[in-house]
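Observations on the three-dimensional arrangement
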Amino acid sequence: MAYKGTRFFIIMYFVYILECADGTLYTGSTTDVARRFDQHVAKKGARYTRSRRAVRVVYTETCRDKSSALKREMAIKKLKRKEKLNLIQM
(Lines give C-alpha, C1' and ligand atoms only; values in the text may rest on other atoms or scores of the structure.)
Protein backbone atom coordinates (compact mmCIF):
# COMPACT_ATOMS: atom_id res chain seq x y z
CA MET A 1 0.00 0.00 0.00
CA ALA A 2 1.41 3.40 -0.93
CA TYR A 3 0.63 6.51 1.08
CA LYS A 4 0.18 9.85 -0.66
CA GLY A 5 -1.14 12.72 1.42
CA THR A 6 -4.33 11.60 3.12
CA ARG A 7 -5.12 8.95 0.53
CA PHE A 8 -4.00 5.35 0.39
CA PHE A 9 -3.37 3.63 -2.91
CA ILE A 10 -3.47 -0.14 -3.01
CA ILE A 11 -0.85 -1.55 -5.31
CA MET A 12 -1.76 -4.90 -6.81
CA TYR A 13 0.95 -7.38 -7.71
CA PHE A 14 0.60 -10.11 -10.29
CA VAL A 15 2.48 -13.22 -11.34
CA TYR A 16 2.10 -14.02 -15.02
CA ILE A 17 3.11 -16.66 -17.52
CA LEU A 18 3.78 -15.78 -21.16
CA GLU A 19 3.84 -18.12 -24.10
CA CYS A 20 6.74 -17.42 -26.46
CA ALA A 21 6.86 -17.93 -30.23
CA ASP A 22 8.99 -21.06 -29.82
CA GLY A 23 6.38 -22.60 -27.47
CA THR A 24 8.36 -22.02 -24.27
CA LEU A 25 6.86 -20.42 -21.17
CA TYR A 26 8.21 -17.40 -19.31
CA THR A 27 7.15 -16.49 -15.76
CA GLY A 28 7.43 -13.02 -14.24
CA SER A 29 5.82 -10.61 -11.78
CA THR A 30 4.63 -7.03 -12.12
CA THR A 31 2.09 -4.45 -10.99
CA ASP A 32 0.70 -4.04 -14.52
CA VAL A 33 0.48 -7.15 -16.70
CA ALA A 34 -0.58 -5.31 -19.90
CA ARG A 35 2.27 -2.79 -19.63
CA ARG A 36 4.79 -5.53 -18.88
CA PHE A 37 3.58 -7.65 -21.81
CA ASP A 38 3.97 -4.63 -24.11
CA GLN A 39 7.54 -4.24 -22.81
CA HIS A 40 8.27 -7.89 -23.61
CA VAL A 41 6.81 -7.50 -27.12
CA ALA A 42 8.89 -4.33 -27.67
CA LYS A 43 11.99 -6.31 -26.60
CA LYS A 44 12.39 -4.07 -23.54
CA GLY A 45 11.52 -6.90 -21.15
CA ALA A 46 13.55 -9.85 -19.94
CA ARG A 47 16.47 -11.10 -22.01
CA TYR A 48 14.69 -14.47 -22.31
CA THR A 49 11.71 -12.97 -24.16
CA ARG A 50 13.86 -10.71 -26.35
CA SER A 51 15.20 -13.72 -28.20
CA ARG A 52 12.06 -15.88 -28.04
CA ARG A 53 9.37 -13.24 -28.76
CA ALA A 54 6.47 -13.13 -26.32
CA VAL A 55 3.20 -14.06 -28.05
CA ARG A 56 0.49 -13.96 -25.38
CA VAL A 57 -0.27 -13.95 -21.68
CA VAL A 58 -1.57 -17.40 -20.77
CA TYR A 59 -1.90 -17.06 -16.99
CA THR A 60 -2.16 -14.38 -14.30
CA GLU A 61 -2.44 -14.64 -10.55
CA THR A 62 -3.02 -11.82 -8.06
CA CYS A 63 -0.77 -11.56 -4.99
CA ARG A 64 -1.24 -9.44 -1.88
CA ASP A 65 2.21 -7.80 -1.94
CA LYS A 66 5.53 -7.72 -3.77
CA SER A 67 7.13 -10.27 -1.47
CA SER A 68 4.41 -12.87 -2.02
CA ALA A 69 4.47 -12.19 -5.79
CA LEU A 70 8.22 -12.80 -5.95
CA LYS A 71 7.92 -15.96 -3.85
CA ARG A 72 5.11 -17.26 -6.06
CA GLU A 73 7.08 -16.39 -9.20
CA MET A 74 10.02 -18.44 -7.94
CA ALA A 75 7.74 -21.33 -6.99
CA ILE A 76 6.20 -21.37 -10.49
CA LYS A 77 9.64 -21.15 -12.13
CA LYS A 78 10.65 -24.30 -10.24
CA LEU A 79 7.70 -26.25 -11.64
CA LYS A 80 8.22 -28.64 -14.52
CA ARG A 81 6.66 -27.63 -17.84
CA LYS A 82 3.84 -30.17 -17.45
CA GLU A 83 2.99 -28.74 -14.01
CA LYS A 84 2.95 -25.21 -15.46
CA LEU A 85 0.61 -26.36 -18.24
CA ASN A 86 -1.69 -27.90 -15.60
CA LEU A 87 -1.66 -24.60 -13.70
CA ILE A 88 -2.59 -22.72 -16.87
CA GLN A 89 -5.48 -25.13 -17.54
CA MET A 90 -7.07 -24.59 -14.10
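Shown above is the structure to which this text applies.
In this report, we go over the structure that sits alongside the text. All figures in this text were calculated on a predicted structure; none of them were measured in a lab.

With respect to the element layout, Lys-44 can be found in the loop between helix H1 (33-41) and helix H2 (47-52). You can call Lys-44 exposed: its relative accessible area is 66%. When residues no more than four places from it in sequence are discounted, the contact partners of Lys-44 are Arg-36 and Gln-39.

The next thing to look at is unusual backbone geometry. Positive phi values are uncommon outside glycine, yet Lys-43 reaches one of about 60°. Here Lys-43 lies in the loop between H1 and H2. For Arg-53, which is not glycine, the phi torsion reads 55° and is therefore positive. Residue placement: Arg-53 occurs in the loop between H2 and strand S5 (54-63).

A separate point is helix H3 (residues 66-78). In a regular helix each residue adds 1.5 Å, so 13 residues correspond to 18 Å; H3 covers 19 Å between its end C-alpha atoms and thus fits that length. Here H3 has its buried residues at Ser-68, Ala-69, Glu-73 and Ile-76. Angular distribution of buried residues about the axis of H3 spans 140°; they occupy a single face of the element. Among the exposed residues of H3, those pointing more than 90 degrees away from its buried face are Lys-71 and Lys-78. Considering only its buried residues, H3 is in contact with strand S3 (13-20), strand S4 (25-30), S5 and helix H4 (81-89). Here H3 starts with a cap whose side-chain oxygen sits 3.4 Å from the backbone nitrogen of Ser-67, and that cap is Asp-65.

Relative to the helices and strands, Val-57 resides in strand S5. It is 14 Å that separates the C-alpha atoms of Val-57 and Asp-22, two residues lying 35 residues apart in sequence. Residues contacting Val-57, with those up to four places away along its chain left out, are Ile-17, Leu-18, Val-33 and Phe-37.

The tendency in soluble globular proteins is for nonpolar side chains to be buried as a group. Counting 11 residues, the largest nonpolar core consists of Tyr-13, Val-15, Ile-17, Leu-25, Val-58, Tyr-59, Cys-63, Ala-69, Ile-76, Leu-87 and Ile-88. Among the elements of the structure, S3, S5, H3 and H4 are those that each provide at least two residues to this core. Not counting residues up to four positions away in its chain, the partners in contact with Tyr-13 are Thr-30, Thr-31, Glu-61, Thr-62, Cys-63, Asp-65, Lys-66 and Ala-69.

Quick look at the pattern of salt bridges now. Within this structure, the stated rule accounts for five salt bridges. A salt bridge links Arg-56 to Glu-19; its shortest N-O distance comes to 2.6 Å. Of this pair, Arg-56 sits in strand S5 while Glu-19 sits in strand S3, and the two are 37 residues apart along the sequence. Relative accessible area serves as the criterion here: at 47%, Arg-56 is assigned to the partly exposed category. On the basis of relative accessibility, which here comes to 23%, the residue Glu-19 falls in the partly exposed class. Note that Glu-61 is salt-bridged to Arg-72, the shortest N-O span being 2.8 Å. Note that Glu-61 is positioned in strand S5 and Arg-72 in helix H3, a separation of 11 residues in sequence.

Each value, and the rule that gives it
- Residues numbered from 1 in each chain as written.
- Predicted model: local features only at pLDDT ≥ 70, side-chain atom pairs only at ≥ 80, totals over all residues.
- Heavy atoms only, no water.
- Helix = DSSP H or I, 4+ residues; strand = E, 2+ residues; numbered from the N terminus.
- Buried < 20%, exposed > 50% of the residue type's maximum accessible area, 1.4 Å probe, protein only.
- Contact = heavy atoms within 4.5 Å.
- Expected span 1.5 Å × (residues − 1).
- Arc of directions from axis to C-beta.
- Polar contact = N/O pair within 3.5 Å; in protein donor to acceptor, adjacent residues only side chain to side chain.
- Core = buried A, V, L, I, M, F, W, Y, C linked by side-chain atoms within 4.5 Å.
- Salt bridge = Lys/Arg side-chain N within 4 Å of Asp/Glu carboxyl O.

Purely spatial values, then, with no claim about function.
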